[in-house]
Amino acid sequence: MRDILVVKCGGNAAVRSQAICADVAAVHRGGRPVILAHGGSADIDGLAERLGVPSRRLVAPDGVSTRYTDERTLEVVQLALAGSAKPRLLAELRACGVDAVGLTGLDAGLLVAARKSAHRAVVDGRRVVVRDDHSGRITAVNGDLVSTLLASGLLPVVSPPAVAEDGRVVNTDADRAAAAVAGAVGADTLLLLTGARGVLADRHDERSVLPVCRVPRRGTPPVVTGGMGIKLVAAREALLSGVRRVLIADGRRPRPVQEALAGSCTEVLLEEE
Ligand SMILES: Nc1ncnc2c1ncn2[C@@H]1O[C@H](COP(=O)(O)OP(=O)(O)O)[C@@H](O)[C@H]1O
Ligand SMILES: CC(=O)N[C@@H](CCC(=O)OP(=O)(O)O)C(=O)O
C-alpha cells in the first residue's frame, strides 16, 4: 500500500482533536490510507487529579521526560486513553462519516513492549532507582492487523498502552507508539500534531519555529524540554525504520493536517553520519 500517512493527535490540552479528525477524515475520503494514533497526557493528568492519584514524571539522565507509571497510575492511564480519549476520537470520526476502528496495543498484540527493569532517573528533582514503573519500550508491532484494516477501507485508531512479553499491560509513550506503527506498515509520512507550532528554537517564542530540526542518530536530541524530547526520539525511530518524512506541527488550528502537509511545520531529519 502506497503513501500511508500516520497522524498522531497529541494529548496536550490545547490540541483540537475535532479539527484533526475532520482533516483525517478528508484524507481518508480522498483515498489516501491514513492511520490515527493518539496520546492523552492531559486526559490522564485530569483523571488522576479527580481520583487523587499523584502525576509524577521520570526524567532520564539525558533530560527526556516520561510518566512514572506505578500500579494505580497504570489503571488511570488505561481508563483515560482507552475509556476517554479513544472513544472521543472515534465519535468525532463517526460524525465525519468515517468507519474507524479503535485498537489499544493489547488488541491482537498490536504493540508489544519490553518492560523497563530497575532504572536510574530523576523524580521531582531527586536521583532515584525506579523499580515499580509499569512502562516499556515497543519491540514489535502487529503491522498486518493495521494493514488488513486499511485494505478493508477502515481507518485504524491506535492508542497506548502496550502489552509486555509477560502478557501484562505496560504504559508506553504515544509518539513512540505512532513511530513504531508507521515503521511497521511502511508509512511514507508521520505527522505529530501537538500544542506548539513545531520545534521552537526558543520555547517561549512561538515565532521561532524551526523549519528543519536535525537529530543525531543516537544520543541526546537537540531539544529535550517539555514533551519535545520524546517527540524527537520518536521522530528519529521512525526515520531509522524507513519512514520517509517526519513532521511536527500545530494541532491547535483549523485544518491542522492540510496546513502541515503544505509545509507549515518542522521537518525532522537525521544528522549525516
Ligand atoms: N523547544 C520547544 N519547541 C516546541 N515545544 C516545546 C519546546 N520545549 C517545550 N515544549 C513544549 O512541549 C509541548 C509538546 O509536548 P506535549 O505537551 O507532551 O505534547 P503532546 O501531549 O501533544 O504529545 C509543547 O506544547 C510545548 O509546551
Ligand atoms: C510512558 C508515558 O509517558 N506514556 C504516556 C502515554 C500517553 C501519551 O504519550 O500522551 P501524549 O501524546 O499526550 O504525551 C503517558 O502516560 O503520558
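Computed from a prediction, not measured in an experiment: that's the story for all the values here. (Residues numbered from 1 in each chain as written. Chains lettered and ligands numbered in written order. Predicted model: local features only at pLDDT ≥ 70, side-chain atom pairs only at ≥ 80, totals over all residues. Heavy atoms only, no water.)

**With respect to the site of ligand 2**
Moving on, step 1. The local shell around ligand 2 holds 13 residues, among which Lys8, Ser41, Arg67, Asn171 and Ala174 are the closest.
Moving on, step 2. Side-chain polar atom of Lys8 to an oxygen atom of ligand 2: 2.4 Å apart, as the coordinates give it.
Moving on, step 3. Between ligand 2 and the protein, one listed contact pairs an oxygen atom with a backbone N or O atom of Gly40 at 3.0 Å.
Moving on, step 4. Within the residue set of the shell around ligand 2, elements represented by two or more residues are helix H2 (41-51) and strand E4 (65-67).
Moving on, step 5. Of the residues belonging to the shell around ligand 2, the class tally is two nonpolar, eight polar and three charged. (Near = heavy atom within 4 Å. Polar contact = N/O pair within 3.5 Å; in protein donor to acceptor, adjacent residues only side chain to side chain. Helix = DSSP H or I, 4+ residues; strand = E, 2+ residues; numbered from the N terminus. Nonpolar A, V, L, I, M, F, W, Y, C, P; charged D, E, K, R; others polar.)

**Some points on the site of ligand 1**
Moving on, step 1. As a matter of local geometry, ligand 1 sits amid 19 residues, with Asn12, Thr194, Leu200, Thr225 and Lys231 nearest to it.
Moving on, step 2. Contact between ligand 1 and Asn12: an oxygen atom at 2.8 Å from a side-chain N or O atom of the residue.
Moving on, step 3. Within the side chain of Thr194, one N or O atom sits 2.7 Å away from an oxygen atom of ligand 1.
Moving on, step 4. Summarising the interface, the protein chains cover 83% of the accessible area of ligand 1, which totals 570 Å² for the free molecule.
Moving on, step 5. Broken down by class, the residue content of the shell around ligand 1 amounts to five nonpolar, 10 polar and four charged. (Areas by Shrake-Rupley, 256 points an atom, 1.4 Å probe, with all protein chains shown as cover.)

**Brief notes about the UniProt feature "domain: Aspartate/glutamate/uridylate kinase" (unreviewed entry) in the protein chain**
Moving on, step 1. In this structure's numbering, the residues bearing the UniProt feature "domain: Aspartate/glutamate/uridylate kinase" (unreviewed entry) are residues 4-250.
Moving on, step 2. Within residues 4-250, the helical portion is 33% and the strand portion 28%, while the C-alpha atoms at the span's ends are 20 Å from each other. (UniProt positions renumbered as here; feature names shortened; annotations may be inferred.)

**Focus: the pairing of strand E15 (residues 245-250)**
Moving on, step 1. Burial analysis of E15 places five of its six residues in the buried class, which makes it a mostly covered element.
Moving on, step 2. Pairing analysis gives six bridges linking strand E13 (residues 189-194) to E15, with the strands arranged parallel. Directly across from Leu190, in E15, lies its bridge partner Val246.
Moving on, step 3. Both E15 and strand E16 (residues 266-270) contribute to a ladder of three bridges, which runs antiparallel. Counted as the bridge partner of Ile248 is Thr266 from E16. (Buried < 20%, exposed > 50% of the residue type's maximum accessible area, 1.4 Å probe, protein only. Pairing = 2+ DSSP bridges.)

**Some points on the pattern of salt bridges**
Moving on, step 1. Scanning all chains against the criterion turns up 14 salt bridges.
Moving on, step 2. Where Asp99 meets Arg94, a salt bridge forms, and the shortest distance between an N and an O atom there is 2.6 Å.
Moving on, step 3. Relative accessible area serves as the criterion here: at 53%, Arg94 is assigned to the exposed category.
Moving on, step 4. Salt-bridge contacts for Asp175 lead to Lys231; the nearest nitrogen and oxygen are separated by 3.0 Å. One end of the pair, Asp175, is in helix H5 (residues 174-184); the other, Lys231, is in helix H6 (residues 228-240), with 56 residues separating them in the sequence.
Moving on, step 5. Through salt bridges with shared partners, a single ionic network connects Lys8, Asp175 and Lys231. (Salt bridge = Lys/Arg side-chain N within 4 Å of Asp/Glu carboxyl O.)

**Brief notes about the packing of helix H1 (residues 17-29) against helix H3 (residues 71-95)**
Moving on, step 1. Closest axis-to-axis distance for the H1/H3 pair is 9 Å, and the angle between their directions is 50°. Relative to H3, H1 is oriented oblique. Crossing angle aside, the handedness with which H1 passes H3 is right-handed. Along its contact with H1, which presents Ser17, Gln18, Cys21, Val24 and Ala25, the element H3 presents Arg88, Leu89, Glu92 and Leu93.
Moving on, step 2. In terms of residue class, the contact of H1 with H3 is built from five nonpolar, two polar and two charged. (Axes fitted to C-alpha atoms, helices over the stretch in contact; angles between N-to-C directions. Parallel < 35°, antiparallel > 145°, perpendicular 65-115°, else oblique. Left-handed = near helix turned anticlockwise from the far one by under 90°. Contact = heavy atoms within 4.5 Å.)

**Description of the packing of H2 against H3**
Helix-helix packing: each pair is described by the crossing angle between the helix axes and the interaxial distance.
Moving on, step 1. Between H2 and H3, whose axes approach to 9 Å, the crossing angle comes to 125°. Between H2 and H3, the angle falls in the class oblique. The chirality of how H2 crosses H3 is right-handed. Residues Asp43, Ile44, Leu47, Ala48 and Leu51 of H2 form the contact with H3, whose own contacting residues are Arg72, Val76, Val77, Leu79, Ala80, Leu81, Ser84, Ala85 and Arg88.
Moving on, step 2. For the contact of H2 with H3, the class distribution of residues is 10 nonpolar, one polar and three charged.

**Notes on the sheet that holds strand E14 (residues 212-215)**
Moving on, step 1. Pairing within the open sheet is mixed, and its eight strands lie in the order E5-E10-E2-E1-E13-E15-E16-E14. The sheet is open, and its two borders are formed by strand E5 (100-104) and E14, each paired with just one other strand. Each adjacent strand pair in this sheet contributes to an overall mean axis angle of 25°, direction not counted.
Moving on, step 2. Sitting on the sheet, H5 touches strand E1 (5-9), strand E2 (34-38), strand E10 (155-159) and E13, and the angle it makes with E1 is about 170°.

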